[in-house]
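Residue strings, one per chain:
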Amino acid sequence: MTTSRPHHPITVVGAGLGGLALARVLHVHGIDAALFDLDPAPSARTQGGMLDIHDDSGQEALRAAGLHEEFLKLVHPGGQALRVLDRHATVRLAEEDDGSGGRPEIDRGDLRELLLGSLPEGTVRWGAKVTGVRPLGGGRHEVALADGTVFTTDLLIGADGAWSRVRPLLSPARPAYTGVSFVEADLLEADRRHPESAAVVGGGMLFALGAGRGFLGHRETHGSLHVYAAVEAPEDWLDGIAFDDTEAAKAAVLKEFDGWAESLRGLVADADGPLVPRRIHALPVGHRWDRVPGVTLLGDAAHLMSPFAGEGANLALLDGAELGRALAAHPDDTETSLTAYEDRMFRRAETSAAESARNTTLLFRPDAPQGLLDMFTGLSG
């Protein structure tokens, strides 16, 4: 006797911002989707720092999701302020947030909670790690989970990030190291406990740059500072740092910033809690694939890029919203929907990925921060 396997008409692998935006827009149009995420619960891990949500991409997605007004209530007042410093902590550019900018800041966790809360209970299956996917023909796919569950789907969407399990169905491409590594740090209750660091970062975003090095930081909604020490380094540089010994890790990172202003070095030296290593990877600029029936990608799974254009989360949101709208527009013709979605997604992703790659070089060039200053003042080519 054979038992039929569970079947989901639309399966989304990954409940990040892009996958949630897709599910929400589909829900607005009366279409159900099943999301599978490897995290055991929505609160299983911290969701990172602040995001600037652009008016013409991320905010457009939130409008399509019917969540824009709720989003505006969650933005960080003053978060669009900007400071650019050199390695001596000399202020080279300072802009206040006058409320007129088109890129308001929001805590990633708050945005994710907004999207999650807009979906019917049970839309996301937590603790569901995808271990395998295979085509069955006719656009249908089989999906296997770590707990032994196997199900089938008519439409499989990979929203599962840099190391996507779904991507190999479409493309052999794998993310490559960009030459830049981050070490993340947090300074809690900054105004009270770390006033010098709070003053250095200011009310919004900080870029403190030198040749091949930099501190990127921002003030979070609840008064903490989230800081990235960025270093142009070989891919194995982080392997030589003992991150299980926080003081030793701080010393190793700060060795890369010898001669920098102490107020900047304090962003790492005075950090609360452990440091977190991150290698920055990217897919090739212009990554695309030929149409394969019944499967597509969105967000980092489709076009992982460095964070230096601020487009990753915005593109993921817009990918999800546009894919949802395309599927709703052609409910009986999935392939027409996917063709239309991918054509637009490929073009905008290539533009943003090229900008991100250029900025990776521009930010850390020998005369830094001059390249960034030129860009902000419209002088860069």
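Above this note sits the structure.
What comes next is a walk through the structure.

Calculation notes
Residues numbered from 1 in each chain as written. Predicted model: local features only at pLDDT ≥ 70, side-chain atom pairs only at ≥ 80, totals over all residues. Heavy atoms only, no water. Helix = DSSP H or I, 4+ residues; strand = E, 2+ residues; numbered from the N terminus. Rg over C-alpha atoms; globule rule 2.2 N^0.38 Å. Buried < 20%, exposed > 50% of the residue type's maximum accessible area, 1.4 Å probe, protein only. Contact = heavy atoms within 4.5 Å. Areas by Shrake-Rupley, 256 points an atom, 1.4 Å probe, with all protein chains shown as cover. Lys, Arg positive; Asp, Glu negative; His and termini not counted. Charge placed at Lys NZ, Arg CZ, Asp CG, Glu CD. Phe/Tyr/Trp six-rings, centres within 6.5 Å; stacked < 30°, edge-to-face > 60°. Axes fitted to C-alpha atoms, helices over the stretch in contact; angles between N-to-C directions. Left-handed = near helix turned anticlockwise from the far one by under 90°. Nonpolar A, V, L, I, M, F, W, Y, C, P; charged D, E, K, R; others polar. 1 Å grid on protein atoms, 1.4 Å probe; cavity = no way out; pocket = protein on both sides within 12 Å on 5 of 7 lines; lining within 4 Å. Points joined across faces, edges and corners; volume = space filled by probe spheres on them. Pairing = 2+ DSSP bridges.

Topic: the overall build of the protein
1) Next: Within the protein, the secondary structure is distributed over 12 helices and 16 strands.
2) Next: Against the 2.2 N^0.38 benchmark of 21 Å for 381 residues, the protein shows a C-alpha radius of gyration of 21 Å, consistent with a compact globule.
3) Next: In terms of principal-axis extent, the alpha carbons of the protein reach across some 70 × 45 × 40 Å.
4) Next: By the burial criterion, 53% of the 381 residues in the protein qualify as buried.
5) Next: Restricting to contacts in the protein with at least 6 residues of sequence separation, those with at least 24 account for 71%.
6) Next: Surface accessibility of the protein: about 16600 Å² in total, with carbon and sulfur atoms responsible for 50%.
7) Next: Across the protein, the mean location of the 35 positive side-chain charges is 3 Å away from that of the 55 negative side-chain charges.

Considering the packing of aromatic side chains
1) Next: Counted according to the given criterion, the structure contains nine aromatic pairs.
2) Next: Between Phe257 and Trp260 the ring centres are 5.0 Å apart and the planes differ by 80°, which places this aromatic pair in the edge-to-face class.
3) Next: Overall, the relative accessible area of 0% leaves Phe257 in the buried class.
4) Next: Taking relative accessible area as the criterion, Trp260 reaches 6% and is therefore assigned buried.
5) Next: What links up through ring pairs into an aromatic cluster is the set Phe182, Tyr228, Phe308 and Phe364.

Side note on the packing of helix α7 (residues 246-255) against helix α8 (residues 262-269)
Each packed pair of helices is defined by two parameters, the angle between the axes and the distance between the axes.
1) Next: Between α7 and α8, whose axes approach to 9 Å, the crossing angle comes to 145°. At the point where α7 passes α8, the crossing takes the right-handed sense. In this structure, α7 uses Lys250, Val253 and Leu254 to contact α8, whose residues at the interface are Arg265, Val268 and Ala269.
2) Next: For the contact of α7 with α8, the residue count by class is four nonpolar, no polar and two charged.

Observations regarding the environment of Gly273
1) Next: Tracing the chain through its elements places Gly273 in strand β15 (residues 272-282).
2) Next: Assessed through its relative accessible area of 40%, Gly273 is described here as partly exposed.
3) Next: Between the C-alpha atom of Gly273 and that of Pro175, which follows or precedes it by 98 residues, the distance is 29 Å.

Details of empty space enclosed by the protein
The rolling of a water-molecule-sized probe over the atoms marks out the regions of remaining empty space.
1) Next: Evaluation of the coordinates by the stated rule reveals one cavity of 30 Å³ or more.
2) Next: A volume near 60 Å³ is recorded for the largest cavity.
3) Next: As for the largest cavity, its lining consists of Leu283, Pro284, Val285, Gly286, His287, His303, Leu304, Phe346, Ala349, Glu350 and Ala353.
4) Next: Residue contributions to the lining of the largest cavity peak at four residues, all from helix α11 (residues 334-363).
5) Next: The residue inventory of the lining of the largest cavity, partitioned by class, reads seven nonpolar, three polar and one charged.

Remarks on the layout of surface pockets
1) Next: When its volume is computed, the second largest pocket comes out at roughly 230 Å³.
2) Next: If you trace the second largest pocket, you find 13 residues lining it, with Ile10, Leu155, Leu327, Pro331 and Thr334 closest to the centre.
3) Next: Those elements that provide at least two residues to the lining of the second largest pocket are β1 (7-13), β10 (150-158) and α11.

Topic: the sheet that holds strand β13 (residues 213-219)
Strands pair in a sheet through their backbones, by hydrogen bonds, and they do so in one of two ways: parallel or antiparallel.
1) Next: One open sheet accounts for seven strands, arranged β5-β4-β12-β13-β14-β11-β15; its pairing is mixed. Looking along the sheet, the strands with just one partner apiece sit at the ends: β5 (91-95) and β15. Strand after strand, the sheet turns through a mean of 15° between neighbouring axes, direction not considered.
2) Next: Running at roughly 50° to β15, α7 makes contact with β11 (176-187), β14 (225-232) and β15 of the sheet.
3) Next: Running over the sheet, α8 touches β4 (82-86), β11, β12 (205-210), β13, β14 and β15 and is turned about 70° from β13.

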